Amino acid sequence: MRTPAESVRAARGTRRCRPKKCLNFVMRWLDARPAGLPDANAALQAARNLRHDAHPPPGVPVYIKGSRFGHVALSTGNGRIWSTDWPAPGLCSEVSITTLCRTWGRTYAGWSTDYAGQPIPGIGPPHPPFTGTVSKGMKGERVKAVQRRLRSHGFTIVLDGSFGPATEGVVKAFQRKRGLEVDGRVGPRTWAALWR
C-alpha cells in the first residue's frame, strides 16, 4: 500500500478513466492488493474500520451509497475527493463530497482506515501490542478488549470481561470466518486479525 500522500499524488495524476470502474482506480491509487470484490458496495461491506465524519483524511477510500454498484473515491482532504466519472463519465477530477452526492442524488456512507481489510499506512491507530494469549477462564480488561473487537466485527457478545464458554464460541466463529486456526484462544494471529 502507498502512503496517503503517495495515493493522492497517484490519483491526481489520473485525468481519464474507464466509466464505472471506480473500484479498480481506487485500488490502483492505493496500490492495494486485489480483493476480488465485484463493486464499490462490496468494498464498503469489506471495510473493517468505517468512520462517518464528513472530513476524511487525505488518502483514504470514501464510500457513496445510492446506486446498484455504489461508488468509491479517494479523499484529498477537507471534505473533497478525487473521483472517477466526475464531472462526466470517463473523466477524473476533484469535487467536494457534498457536491458529488447532491449532483448524483446519492448518500455519503463514510470512509475507512483500510481498503477491504488492508490497512492504509499511517491512518488509524495500530492495534495494541500482543502481551500473551487470552483464553477461557481469564477475566479483566484484555478480555473486554477482545469482546469489544469481536462486537466491532459484527458478532453478538456480552462485554463483561469474562472469557467463558460464550466468548470462546464467538472467538471460534471469528477464527473460522477469518481462516485462522480454530482453537478458541486469542493468540498473536487472532489478536492481530481482531484489529484489522
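Summarised in this report is the structure supplied together with it. Not measured: the values here are computed from a predicted model.

1. Remarks on the overall build of the chain
Phase 1: When its secondary structure is counted, the chain shows seven helices and eight strands.
Phase 2: Viewed in the frame of its principal axes, the chain has a C-alpha envelope of about 60 × 30 × 30 Å.
Phase 3: Residues classed as buried in the chain amount to 48% of the 196 residues present.
Phase 4: Restricting the contact set of the chain to residue pairs at least 6 apart, pairs at least 24 apart contribute 54%.
Phase 5: Carbon and sulfur atoms make up 52% of the accessible area of the chain, which amounts to about 10100 Å² in all.
Phase 6: Separation of charge centres in the chain, based on 31 positive and 12 negative side chains, amounts to 4 Å.

2. A word on the side chain of Ser112
Phase 1: As for its placement among the helices and strands, Ser112 is situated in strand β6 (residues 107–112).
Phase 2: One polar contact links Ser112 to Tyr63, side chain to side chain, over a distance of 3.5 Å.
Phase 3: Side-chain polar atoms of Ser112 contact the backbone oxygen of Asp114, separated by 2.5 Å.

3. Digging into the state of the cysteines
The term disulfide refers to a covalent linkage connecting the sulfur atoms of a pair of cysteines.
Phase 1: Inspection of every chain in the model, using the stated rule, returns zero disulfides.
Phase 2: Considering cysteine sulfurs only, Cys17 is the nearest to Cys22, which forms no disulfide, with 9.0 Å between them.
Phase 3: Summary of cysteine pairing: Cys101 is not part of a disulfide, and the nearest cysteine sulfur, belonging to Cys22, is at 13 Å.
Phase 4: Judged by relative accessible area, Cys101 falls into the buried class, the value being 8%.

4. Here we look at the pairing of β6
Phase 1: With respect to burial, β6 is a largely interior element, five of its six residues being buried.
Phase 2: Two strands pair when backbone bridges link them, and strand β2 (residues 61–65) and β6 are joined in this way by four bridges, in the antiparallel orientation. From the neighbouring strand, Tyr63 faces β6, where its bridge partner is Gly110.

5. Describing the layout of surface pockets
Phase 1: Of the pockets and cavities examined, the largest pocket occupies roughly 520 Å³.
Phase 2: Considering the residues around the largest pocket, the lining is formed by 25 residues, among which Lys20, Lys21, Cys22, Phe69 and Gly70 are closest to the centre.
Phase 3: Ranked by residues supplied to the lining of the largest pocket, first place goes to helix α2 (residues 22–30) with four residues.

6. What about the pattern of salt bridges?
Phase 1: Per the counting criterion, the structure on display carries three salt bridges.
Phase 2: Measuring nitrogen to oxygen at the nearest pair gives 3.7 Å for the salt bridge that ties Arg80 to Glu94. With Arg80 in strand β4 (residues 80–84) and Glu94 in strand β5 (residues 92–96), this residue pair connects regions lying 14 residues apart in the sequence.
Phase 3: Each of the salt bridges in this network shares a partner with another, and the network as a whole consists of Arg12, Arg80 and Glu94.

7. As for the environment of Thr103
Phase 1: Summarising the element assignment, Thr103 is placed in helix α4 (residues 97–104).
Phase 2: Taking the C-alpha atoms as reference, Thr103 lies 47 Å from Pro188; in sequence the two are 85 residues apart.
Phase 3: Within the local environment of Thr103, its side chain forms a polar contact with the backbone oxygen of Thr99, the two atoms lying 2.8 Å apart.

8. Some remarks on the packing of aromatic side chains
Phase 1: Counted under the stated rule, the structure contains four aromatic pairs.
Phase 2: Residues Phe155 and Phe174 carry aromatic rings whose centres are separated by 6.2 Å and whose planes lie at 75 degrees to one another, so their mutual orientation is edge-to-face. Separated by 19 residues along the polypeptide, Phe155 in the loop between α5 (141–152) and α6 (165–178) and Phe174 in helix α6 bring together distant segments of the chain. Each member of the pair, Phe155 as well as Phe174, is classed as buried.
Phase 3: The lysine or arginine in question, Arg28, covers the ring of Phe25, its NZ or CZ lying 4.4 Å from the ring centre.

What counts and what doesn't
- Residues numbered from 1 in each chain as written.
- Predicted model: local features only at pLDDT ≥ 70, side-chain atom pairs only at ≥ 80, totals over all residues.
- Heavy atoms only, no water.
- Helix = DSSP H or I, 4+ residues; strand = E, 2+ residues; numbered from the N terminus.
- Buried < 20%, exposed > 50% of the residue type's maximum accessible area, 1.4 Å probe, protein only.
- Contact = heavy atoms within 4.5 Å.
- Areas by Shrake-Rupley, 256 points an atom, 1.4 Å probe, with all protein chains shown as cover.
- Lys, Arg positive; Asp, Glu negative; His and termini not counted.
- Charge placed at Lys NZ, Arg CZ, Asp CG, Glu CD.
- Polar contact = N/O pair within 3.5 Å; in protein donor to acceptor, adjacent residues only side chain to side chain.
- Disulfide = S-S within 2.5 Å.
- Pairing = 2+ DSSP bridges.
- 1 Å grid on protein atoms, 1.4 Å probe; cavity = no way out; pocket = protein on both sides within 12 Å on 5 of 7 lines; lining within 4 Å.
- Points joined across faces, edges and corners; volume = space filled by probe spheres on them.
- Salt bridge = Lys/Arg side-chain N within 4 Å of Asp/Glu carboxyl O.
- Phe/Tyr/Trp six-rings, centres within 6.5 Å; stacked < 30°, edge-to-face > 60°.
- Lys NZ or Arg CZ within 6 Å of the ring centre and 35° of its normal.

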